[in-house]
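# Breakdown of the fold
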Amino acid sequence: MLVQGNRPRQLHWYHAGPMLFGDWGTSRLYVLGLCFMHAGHASLWFMLAMSCLLVAVGWAYSVICRLYPDGGGVYSSAKHKSQSLAVFGALLLGADYVVTAALSALDAFHYLDVPYPALCAAASIAVLGIVNVFGPTKGGTAALVAAVLTIIFSLIIGVASIPWLPHAHVTLPTGSPISWWTQFTGIILAISGVEAVANMTGIMVEPVEKTARRAIWPVLIEIVILNLFLTLAVSAIPLDILGDGNPANAYTAHRDDMLRLLATYYVGPTFAAVASIVFALLLLSAVNTAVTDLVSIQYMMARDRELPHSFSGLNRWGMPLIPLAIAVGVPLITVLIVPDVGHLADLYAIGVVGAVAVNLGSCVTSMNLPLKKWERIIMGMLAVLMIAVWISIAYEKPHALIFAGVIVAIGMTARWLTHHREAIGGTVTSLVGQFIDLKTPAAIENPTHQVRFLVATQGSPKLIAFALEQAKSFHAEVLFLYVRHIAVPMIGPAHRADIANDHDAQKAAKQIQEQAEAAGVPIRFLYTVADNIAETIVDFAVTYGVSQVIVGTTKRGTLWRTMKGDVIQGIAMHLPDRTQLLIHA
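Being a predicted model, the structure only gives us computed values, none of them experimental. (Residues numbered from 1 in each chain as written. Predicted model: local features only at pLDDT ≥ 70, side-chain atom pairs only at ≥ 80, totals over all residues. Heavy atoms only, no water.)

### A few points about the overall build of the chain
Along the backbone of the chain there are 21 helices and 6 strands. Relative to its 585 residues, the chain shows a buried fraction of 56%. For the chain, the proportion of contacts with a sequence separation of at least 24, taken over those separated by at least 6, is 82%. Summed over its atoms, the accessible surface of the chain is roughly 23,600 Å², and 65% of this surface lies on carbon and sulfur atoms. (Helix = DSSP H or I, 4+ residues; strand = E, 2+ residues; numbered from the N terminus. Buried < 20%, exposed > 50% of the residue type's maximum accessible area, 1.4 Å probe, protein only. Contact = heavy atoms within 4.5 Å. Areas by Shrake-Rupley, 256 points an atom, 1.4 Å probe, with all protein chains shown as cover.)

Structure follows, in structure tokens:
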């Protein structure tokens, strides 16, 4: 019997929240300066408008997470309308991730105040790409520490600025409503994080609606309140300080490191130097997140036959190498061609706004979704607003439209080639595995076995033979679990575990079947994909109520254990006391 297992739901709100802050929170590091550059002392009103939009989008995505508990990102939700629309939305989101990586890397080195920040940014993206070849899973801790420290430092800056706030110079916006709208669309950079949260609903602990809500709202409240507070603090700094002695440069001198200037002015240069290192680390963690998210989009599209099958090929570390090369190469080239935070911000907005508009529009027009009437009306109005913003950006910034158009065109071309690979003479090939019909002994159909073992293996003959001997001694049923390690975040439904595309797993299943039939032992073959092998094994052990987990000693070297952690140790730490762990050396 073949059981294609669900990915375990292990993501709690206190995990998802910091991950969301890593996206939303980093925007503060460049939005403050961009807002002041665009609006000057009227920036408080524009920041207030952006905060209102952020609240509205956050609320809408909390609803989307409720509607799509198995994955509510644009690629998953738009599928219910059209597969082509889903691919279009995913490519727009991919454009967003490209610029996120480039912009975050560049701004990180502006905060560090190093020479040649664009070259340093490109080098950092390349280094992160090399590290990701090994699919590290321990970077989340560093990102969490950087996020927490950023919140603490931001709060310190905010508290230190309180005595100066009565001196803040706030003016009303000047110009026409059209110019206000243009300025507003120029600072919409803080909404992409909700797409990442929606994509993670497939691994959130249930009830997903509650988990998503508890992840979104605390982060949203912190960002809105502190952004408004810090915007007011910027307006309280004299123009000669903002312009480094020249008031004429006040609106642009610290566009790329405004939070560092606030730290220096309100707290002190030593504090600012330390804070800038933390801010840079958070920005670099955002680069890493954007790269892995971009890999994930390509991987899932390849699994859905929307990109060539070669895009889903994994190395021994569980990382798809072709998508990784693209996810690193495109942002690296982008930051070298466009080495300016302001210009990158123009490219950034068109991708994320387009993806959000597609997601909201797909939900509102799907009449079978359980949306309340007032929810559908408000989300519809928000979708129209996002479409208007997207059109405005495309009109005002044709270079941004060209950038997004090139990425969408390349992606759609690759999709067309994939769909028509046979018609064009096999230019693009796809190796589709055949589903295995596992014929197990009759006893497997009897669910009354009192003893059940779980064996985690990828086909070790010695481990299989040992487990079958153990099972014969105890008259036990054996569950053989094959975990395909995926080192990138998975987008979409939690049950996306397809053995038909995994030839190694098919081979292992056939081998196990033959040995089980020869030994006369009832078995089940479980197949799943996961980014944490140890937690997945424990999750299956608990789900199936096994009395014993049998694993073999790993042949992985020190580097694997350093990057991934020791699997056996992870199992031993979390396995329930009632379940034995047997290690076969």
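Now that the structure is up, let's keep going.
### Quick look at unusual backbone geometry
One non-glycine residue, aspartate 113, lies in the positive phi region at around 55 degrees. Owing to a relative accessible area of 61%, aspartate 113 belongs among the exposed residues under this scheme. Of note in this structure, tyrosine 116 is not a glycine but carries a positive phi near 50 degrees. Of note, tyrosine 116 is situated in the loop between α4 (83-111) and α5 (117-132). Take tyrosine 116: its relative accessible area is 61%, and that puts it in the exposed class.

### With respect to the environment of valine 87
In this structure, valine 87 sits in helix α4. By relative accessible area, which is 0% here, valine 87 ends up buried. Sequence spacing of valine 87 and arginine 415 is 328 residues, and the spatial spacing of their C-alpha atoms is 8.8 Å. When near neighbours in sequence (up to four residues on either side) are disregarded, valine 87 contacts Tyr75, Met301, Glu306, Met412 and Arg415.

### Looking at the nonpolar core
Core analysis: the biggest nonpolar cluster contains 148 residues, and Trp24, Tyr30, Leu259, Leu262, Leu360 and Met379 have the highest contact counts within it. If one sorts the elements of this core by residue count, α4 sits on top with 18 residues. Here leucine 262 is in contact with Leu32, Ile157, Leu230, Ala233, Val234, Ile237 and Val267, once residues within four sequence places are set aside. Listed in part, the 26 residues of the second largest apolar core include Met300, Tyr482, Ala505 and Ala509. (Core = buried A, V, L, I, M, F, W, Y, C linked by side-chain atoms within 4.5 Å.)

### Some details on the packing of aromatic side chains
Following the criterion strictly, the structure yields 9 aromatic pairs and no others. A centroid spacing of 6.4 Å and a plane angle of 40 degrees characterise the contact between tyrosine 482 and phenylalanine 525, whose relative ring orientation is tilted. In this pair, tyrosine 482 is assigned in strand β3 (residues 477-485) and phenylalanine 525 in strand β4 (residues 523-530), connecting sequence segments 43 residues apart. As far as the burial class goes, tyrosine 482 and phenylalanine 525 line up, both buried. (Phe/Tyr/Trp six-rings, centres within 6.5 Å; stacked < 30°, edge-to-face > 60°.)

### Here we look at the pattern of salt bridges
For the coordinates displayed, the defined rule picks out 10 salt bridges. We note a salt bridge from lysine 79 to aspartate 304, for which the minimum N-O separation is 2.7 Å. With a gap of 225 residues between them, lysine 79 in the loop between α3 (74-77) and α4 and aspartate 304 in the loop between α12 (269-303) and α13 (321-337) connect regions that are remote in the sequence. With a relative accessible area of 26%, lysine 79 lands in the partly exposed category. Members of the salt-bridge network, linked through shared partners, are Arg255, Asp256 and Asp340. (Salt bridge = Lys/Arg side-chain N within 4 Å of Asp/Glu carboxyl O.)

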